[in-house]
Amino acid sequence: MAQVILVTSGRGGAGKSTVCAYLGAALAACGKKVLLIEGSHRSLDVLLGAQDRVVFDLADALERRCELGEAMVDACGVRLLCAPLDLQPIIDGAACRELRAALEEHFDFILIEVDGGDRVRLTAFAACADRAVIVSAADAVSARAGRMVSDSLDAAGVEDIRLCVNLLTRDFVKLRPIPDLDWLIDQVCAQLIAVLPFDEGLVTPVAIGQNINLSNVSKIIFDNFAQRILGNYIDLLVQ
């Protein structure tokens, strides 16, 4: 039975798509069957190098214009179910639970990327989620936005909420845009699960399989991130 994880953030630019793609690939590298679902906007197809192979999308599957399997593409060891390019139909919690029921026997992990600012879809996908990862930059605006998402997830019944700090710059300690990471954890009200440094290889939307600029540190952090998702104790690596 699959474990369903929401990957979300409170504001645009935090890097939730990148985190979702690389975490999914890291879990697949551990031998797990992984499905990525785009709950809001389409971008993962580019990050996974599959943009030219997408024929059907999530809306097609939900509206029975194709079978679920026909709407998925294979890329970087995972399967991907893309969001439509135009505005999606409204989806509710019942439809999300039905989607999970149809998929969970076929995968070990289902990662759903969803915009935390879209409360309707966030609440709908939360209805089928076991846990959530909030991706946040280390600044006060992201902290406030992350807390709003955390509160929404809690109200929707998601009890296991984790924080992934992304885009942490080398001069963070010197500049102190926020007091420290403990402050960010307290503000978002979520347990820390990963800290990703600012990495040009992650900022530029290059397909995972072609990204030769990703630092070894980032690769190790995603591998460790996957191990923590699997329930293994791995020390946090903070650069």
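Before reading on, note that the structure itself is shown above.
Here the structure is a predicted model, which is why all the values come from computation and not from measurement.

(A) Representation of the overall build of the protein within the structure. Regarding its fold elements, the protein presents 10 helices and 8 strands. Over its C-alpha trace the protein gives a radius of gyration of 17 Å, about what one expects of a compact globule, namely 18 Å for 239 residues. Principal-axis analysis of the C-alpha atoms gives the protein an extent of 55 × 40 × 35 Å. Out of the 239 residues in the protein, the part that is buried amounts to 52%. Contacts spanning at least 24 positions in sequence make up 78% of the contacts within the protein whose residues lie at least 6 apart. Entry remark: accessible area of the protein is about 11,000 Å², with carbon and sulfur atoms responsible for 50%. The protein carries 22 positive and 32 negative side-chain charges, and their two centres are separated by 3 Å.

(B) A look at helix α5 (residues 119–126). When α5 is considered as a whole, its buried residues turn out to be R121, L122, A124, F125 and A126. Elements in contact with the buried residues of α5: β1 (3–9), α3 (58–62), α4 (93–103), β5 (109–115) and α6 (140–155).

(C) The arrangement of the pattern of salt bridges in detail. Summed over all chains, the structure comprises 11 salt bridges. Here D60 makes a salt bridge to R65, at a shortest N to O gap of 2.7 Å. Overall, R65 belongs to the partly exposed group, its relative accessible area being 48%. Residues R147 and D151 are paired through a salt bridge, measuring 3.0 Å at the closest nitrogen-oxygen approach. Of this pair, R147 and D151 both sit in helix α6, 4 residues apart, roughly one helical turn.

(D) Structural detail: unusual backbone geometry. Despite not being glycine, C76 shows a phi value in the positive range, around 55°. Within the secondary structure layout, C76 lies in the loop between β3 (72–75) and β4 (78–81). By relative accessible area, which is 31% here, C76 ends up partly exposed. If you check the backbone angles, L167 has positive phi at about 65° while not being a glycine. With respect to the element layout, L167 can be found in strand β7 (residues 160–168). Given a relative accessible area of 26%, L167 falls into the partly exposed group.

(E) Structural view of the sheet that holds strand β8 (residues 191–197). As summarised here, the arrangement of the 8 strands in space is β3-β4-β2-β5-β1-β6-β7-β8, forming an open sheet in which the pairing is mixed. The open sheet terminates on both sides in strands that have one partner only, identified here as β3 and β8. Taken over all neighbouring pairs, the strand axes of this sheet differ in orientation by 25° on average, direction set aside. Pairing of strand β2 (residues 34–38) with β5 involves 5 bridges; the strand directions are parallel. Bridging from a neighbouring strand, L36 pairs with L111 of β5. Across the sheet, helix α1 (residues 16–29) is in contact with β1, β2, β4, β5, β6 (131–136), β7 and β8; its angle to β5 comes to roughly 175°. The strands touched by α6 are β1, β6 and β7; relative to β6, the strand with the most contacts, the crossing angle is about 170°.

(F) Region of interest: helix α8 (residues 181–188). Buried within α8 we find L181, L184, I185 and V188. On an axial view of α8, the arc spanned by its buried residues comes to 100°, and they lie on one face. In this structure, α8 carries D182 and D186 as exposed residues pointing more than 90 degrees from its buried face. Lining the buried residues of α8 we find β6, α6, β7, α7 (172–175) and β8. At the exit of α8 stands C189, carrying a positive phi of roughly 65°.

(G) Representation of the environment of V195. Here V195 shows up in strand β8. Sequence spacing of V195 and I134 is 61 residues, and the spatial spacing of their C-alpha atoms is 12 Å.

(H) Region of interest: the nonpolar core. By size, the foremost hydrophobic cluster in this structure holds 45 residues, and its most contacted members are L6, I37, I110, L153, V165 and L184. Residue contacts for I37: discarding those within four places in its chain leaves L58, L81, L99, L103, I110, L111, I112 and E113.

Reading guide: rules and limits
Residues numbered from 1 in each chain as written. Predicted model: local features only at pLDDT ≥ 70, side-chain atom pairs only at ≥ 80, totals over all residues. Heavy atoms only, no water. Helix = DSSP H or I, 4+ residues; strand = E, 2+ residues; numbered from the N terminus. Rg over C-alpha atoms; globule rule 2.2 N^0.38 Å. Buried < 20%, exposed > 50% of the residue type's maximum accessible area, 1.4 Å probe, protein only. Contact = heavy atoms within 4.5 Å. Areas by Shrake-Rupley, 256 points an atom, 1.4 Å probe, with all protein chains shown as cover. Lys, Arg positive; Asp, Glu negative; His and termini not counted. Charge placed at Lys NZ, Arg CZ, Asp CG, Glu CD. Salt bridge = Lys/Arg side-chain N within 4 Å of Asp/Glu carboxyl O. Pairing = 2+ DSSP bridges. Axes fitted to C-alpha atoms, helices over the stretch in contact; angles between N-to-C directions. Arc of directions from axis to C-beta. Core = buried A, V, L, I, M, F, W, Y, C linked by side-chain atoms within 4.5 Å.

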